[in-house]
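Now for the letters of each chain:
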Amino acid sequence: KTLKERTISHAADFVKLGVEKQRELLATKDKEKKKLVENYLCSMFDIIKSIVSEAKIPKYFILLIDGIIEDDKERIAYLVNIQKHSKSKEDIIDILKHYLVSPQNDDFVAKDVAAHILAQILTAQKEMKGIEEEMKSFLSFLLNAPGKQISSLGFQVR
C-alpha cells in the first residue's frame, strides 16, 4: 500500500502545531477549520492503514487519535462525521478493525487503544441506521479474540 507524500506531510503538520494549537484548532466552531481537522484525521487513518512495516508509526497515530478524543470526549464527533461521510470502500471502522487483526501488529497496547477508539465511534453513532450489526460484530470479535489478547478499554464484559 502506498501513501501520497502529501498524506504524511499533512499528518506531520498537525503534530508540528503543538498541543495548545492543536487544542485550539480542535475546539473551533469555524466550518473550514473543522474540515481541516477532519482532513488531518483522515491523513492519520491513511497512515495507520498503509504503513505496516514500521509498527511505531501507526501506533503513534493510534495513540494520538485516542489522546485527541480523551482530551475532550466531544471530539468523537469528528470521527463520527468522517465515518458518516466516508466515500471510500474502506472507512475508519474498517481501518481500525483491520489494524486489530493484522498479523504484522503484535503490539497489544496499540491494539487495545484501537479497540477503545472503535468502541467509542460505534457507541457515538448508535443512532445511525444499521450500526447495531456493526456493534454486535465488534463485540463478538472482542469476545472471541485469540487468547483474549485484546482487552478493550471500550467494553467491559460482565
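Located above this text is the structure these notes cover.
Residues numbered from 1 in each chain as written. Predicted model: local features only at pLDDT ≥ 70, side-chain atom pairs only at ≥ 80, totals over all residues. Heavy atoms only, no water.

**Section: the environment of K111**
This is how the line gets drawn: Numbering goes from the N terminus for both helices and strands, where a helix is a DSSP run of H or I of at least four residues and a strand is a run of E of at least two.
Structurally, the position occupied by K111 is in helix α7 (residues 108–124). When the C-alpha positions of K111 and V101 are compared, they lie 8.6 Å apart, and in sequence the two are ten residues distant.

**Side note on the layout of surface pockets**
Stated precisely, the cut-off is as follows: Think of a 1 Å grid over just the protein atoms. A cavity is a set of points where a 1.4 Å probe fits yet cannot get out, a pocket is an open set with protein on both sides within 12 Å along at least five of seven lines, and lining residues have an atom within 4 Å of a point. Grid points are joined across faces, edges and corners, and a volume is the space filled by probe spheres set on the points. Three residue categories are used. Nonpolar comprises Ala, Val, Leu, Ile, Met, Phe, Trp, Tyr, Cys and Pro, charged comprises Asp, Glu, Lys and Arg, and polar comprises the others, including Gly.
Estimated volume of the second largest pocket: approximately 240 Å³. Forming the boundary of the second largest pocket are L26, A27, T28, K29, K34, E38, D72, E74, R75, A77, Y78 and N81. In terms of residue count, helix α5 (residues 76–84) provides more of the lining of the second largest pocket than any other element does, three residues in total. Here the residues of the lining of the second largest pocket sort into four nonpolar, two polar and six charged.

**Remarks on the packing of aromatic side chains**
We apply this condition: Any two of the Phe, Tyr and Trp rings considered here, Trp counted by its six-membered ring, make a pair once their centres fall within 6.5 Å; the pair's planes then place it as stacked at under 30 degrees, edge-to-face at over 60, or tilted in between. The rule is simple: take the accessible area with a 1.4 Å probe, protein chains only, and divide by the maximum for that residue type; under 20% is buried, over 50% is exposed, in between is partly exposed.
What the rule picks out here adds up to two aromatic pairs. Where F14 meets Y40, the ring centres are 5.2 Å apart and the plane angle is 55°; that geometry is what we call tilted. Taken together, the residues F14 in helix α1 (residues 5–16) and Y40 in helix α3 (residues 31–50) connect sequence positions 26 residues apart. A relative accessible area of 1% means that F14 is categorised as buried. An angle of 90° between the planes, with centres 5.1 Å apart, marks the rings of Y60 and F61 as edge-to-face.

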